[in-house]
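Fold and contact review
Chain by chain, the residues:
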Amino acid sequence: MPGDGHESEHGPVPVRGPEPGAGAGSGRGAPSSGGAESGRGRSSRTGGRGRRRPSWARALRPSGLNRAPGAVPAARQAGPYLTPAQAFDALYAYCAPALVRQAYLLTGRRDLAHESVERAFQRAWDHWPEVARDPDPAGWVRAAAHDWALSPWHRFRRRYRHPEPPPPDDHDRALLDALLSLPPPYRRTLVLYDGVGLDLPDTAAETEASTRAAAGRLLYAREVLAERLPEPAGPRELHDRLAELASSGRTRAAEPAAVRVGGERRARLWTRTAVAVTVVLIGSTAMTLHTAPTHYVPPVPPGETVRGVPPRAAPGPLSDDQRELRDRLREALLDGPERLTPEAR
């Protein structure tokens, strides 16, 4: 985890450091839709459908808690310093469940959501010194998970060509269909702002857009959801409904040790593949250098017809005199005056 006392990759890591949370929207000076005031005016104990607000209304934030600045989740029974594996496990336990829910809202597939989170943490473990020194390691992993979840290459994978069974609830199904109808950048902006609770500048930075563009995407996404949802929902109700949709069904993340082992196994596989490819390239290069000619050999030009000279005709069958001469030449001696003195006919 980040901190002033962090050493190398194999050195101890302090327990305390900058806040790795998602950045609760305390400074939200962002644009809101027309139903924002009506949503905030309702009781904080009820959701957008007049029901009691669920206890997991903050389920899209890491660990569902608002931690004080400087508090970093630490492994149980840990000393004053954490090893890299302990710090990674603490970060995973802190962020993974919420990231699985966020990735599900982005993709509509729970298996792809789990895969995105696992790949993001495997990448974080491969670059752990960089992640440990990052001021917001949770944001680092969240950006990697969202990038993997929204990758356009998943459409070419056979396991993702067919849609996943929709949620059983009609309202959740309508909300998920409306989310998936949005373009990926708009969907990601809506989930980060109205779901996770980032402020507008942080949302714009994570989606690699300007603040003005992020505000436009957010307003457009809210308009689309307002048109397609049967019940109007303000920002507060929309957050609760997103959290309810994300928490429906199987959202349990894998164990951190399994993720670390999987990342190390994948890294070893890629390393061996790179070494094998390098050996093949070196061998083919050496074979080429050994068999390649050392000087230039001009090619034989194709034959051309000379003007005025008839083309050479193929020999026809031998006549009787020619066959007799051929037989005499074969029977004659190979040397001597007989071969040098012509005979008179």
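The shown structure was predicted, so the numbers you read here are calculated from the model rather than taken from an experiment.

1. Quick look at the overall build of the chain
- On a plain count of helices and strands, the chain comes out with 13 helices and two strands.
- Within the chain, the fraction of its 345 residues that count as buried is 38%.
- For the chain, restricting intrachain contacts to residue pairs at least 6 apart in sequence, the fraction spanning at least 24 positions comes to 76%.
- Accessible surface computed for the chain: about 21,200 Å², of which carbon and sulfur atoms make up 55%.

2. Considerations on the packing of aromatic side chains
- Counted according to the given criterion, the structure contains eight aromatic pairs.
- On the basis of an interplanar angle of 85° and a centroid distance of 5.8 Å, the ring pair of F88 and F121 is categorised as edge-to-face. Note that F88 is positioned in helix α2 (residues 84-107) and F121 in helix α3 (residues 110-126), a separation of 33 residues in sequence. Across this residue pair, the class does not change: F88 and F121 are buried.
- Taken together, the ring pairs connect F88, Y92, F121, W125 and W128 into an aromatic cluster.
- Above the plane of the ring of Y104 lies R110, whose end atom (NZ or CZ) is 3.8 Å from the centre.
- One residue, R217, lies across the ring of Y186, its end atom 6.0 Å from the ring centre.

3. Section: the nonpolar core
- Grouped together as the largest cluster of nonpolar side chains are 55 residues, with contacts concentrated most on L105, F121, W128, V141, L179, L190 and L225.
- Per-element accounting of this core gives the leading share, 13 residues, to α2.
- For F121, the residues in contact, after removing those within four places along its chain, are F88, L91, Y92, C95, A96, L99, V141 and V259.

4. Observations regarding the pattern of salt bridges
- Going through the model one piece at a time under the given rule, you end up with eight salt bridges.
- One salt bridge connects R260 with D89, and the closest N-O pair in it is separated by 3.0 Å. Taken together, the positions of R260 in helix α11 (residues 256-291) and D89 in helix α2 put the pair 171 residues apart, joining distant regions of the chain.
- Assessed through its relative accessible area of 16%, R260 is described here as buried.
- Exposure remark for D89: the relative accessible area of 22% places this residue in the partly exposed category.
- Its salt-bridge partner being R323, residue D320 comes within 2.3 Å of it at the nearest N-O pair. Placement of both D320 and R323 in helix α12 (residues 320-331) is noted, with a separation of three residues, approximately one turn of the helix.
- According to the relative accessible area criterion, D320 is exposed, its value standing at 57%.

5. Examining α3
- In a regular helix each residue adds 1.5 Å, so 17 residues correspond to 24 Å; α3 covers 24 Å between its end C-alpha atoms and thus fits that length.
- When you tally the buried positions in α3, you get 12 out of 17 residues, the bulk of the element.
- Here α3 has its buried residues at R110, L112, A113, H114, E115, S116, V117, A120, F121, Q122, A124 and W125.
- The elements touched by buried residues of α3 are α2, α4 (128-133), α5 (137-149), α10 (235-247) and α11.

6. What about the side chain of R187?
- Looking at where R187 falls in the secondary structure, it is placed in helix α7 (residues 184-196).
- Despite its burial, R187 pairs with no opposite charge, the nearest such side chain being D177 at 11 Å.
- What R187 contacts, discounting residues up to four positions off in sequence, is L105, L106, L150, L179, L180 and L182.

7. Some words on the confidence of the model for the chain
- Per-residue confidence for the chain averages 76 on the pLDDT scale, and 72% of its residues sit at or above 70.
- Mean pLDDT per element in the chain: helix α1 (residues 36-41) is the minimum at 36, and α5 is the maximum at 93.
- Note that pLDDT drops below 50 for residues 1-57; the model gives that stretch 136 contacts with residues more than four away or on any other chain.

8. Quick notes on the environment of R217
- As for its placement among the helices and strands, R217 is situated in helix α9 (residues 211-228).
- Classification of R217 as buried rests on a relative accessible area of 19%.
- Residues R217 and T189, 28 residues apart in the sequence, show an inter-C-alpha distance of 6.9 Å.
- Discounting chain neighbours no more than four positions away, the residues touching R217 are P185, Y186, T189, T207 and A209.

9. Topic: unusual backbone geometry
- We note that E208 has phi near 55°; this positive angle belongs to a residue other than glycine.
- Accessibility expressed as a relative area gives 76% for E208, which makes it exposed.

10. Here we look at α10
- Taking 1.5 Å per residue as the helical rise, α10 with its 13 residues ought to reach 18 Å, and the 18 Å between its terminal C-alpha atoms agrees with that figure.
- Of all 13 residues making up α10, 11 are buried, and the element is well covered by its neighbours.
- Every buried residue belonging to α10 is among P235, E237, L238, H239, D240, R241, L242, A243, E244, L245 and A246, and all of these are buried.

So, how was this worked out
- Residues numbered from 1 in each chain as written.
- Predicted model: local features only at pLDDT ≥ 70, side-chain atom pairs only at ≥ 80, totals over all residues.
- Heavy atoms only, no water.
- Helix = DSSP H or I, 4+ residues; strand = E, 2+ residues; numbered from the N terminus.
- Buried < 20%, exposed > 50% of the residue type's maximum accessible area, 1.4 Å probe, protein only.
- Contact = heavy atoms within 4.5 Å.
- Areas by Shrake-Rupley, 256 points an atom, 1.4 Å probe, with all protein chains shown as cover.
- Phe/Tyr/Trp six-rings, centres within 6.5 Å; stacked < 30°, edge-to-face > 60°.
- Lys NZ or Arg CZ within 6 Å of the ring centre and 35° of its normal.
- Core = buried A, V, L, I, M, F, W, Y, C linked by side-chain atoms within 4.5 Å.
- Salt bridge = Lys/Arg side-chain N within 4 Å of Asp/Glu carboxyl O.
- Expected span 1.5 Å × (residues − 1).
- Lys, Arg positive; Asp, Glu negative; His and termini not counted.
- pLDDT = per-residue confidence, 0-100.

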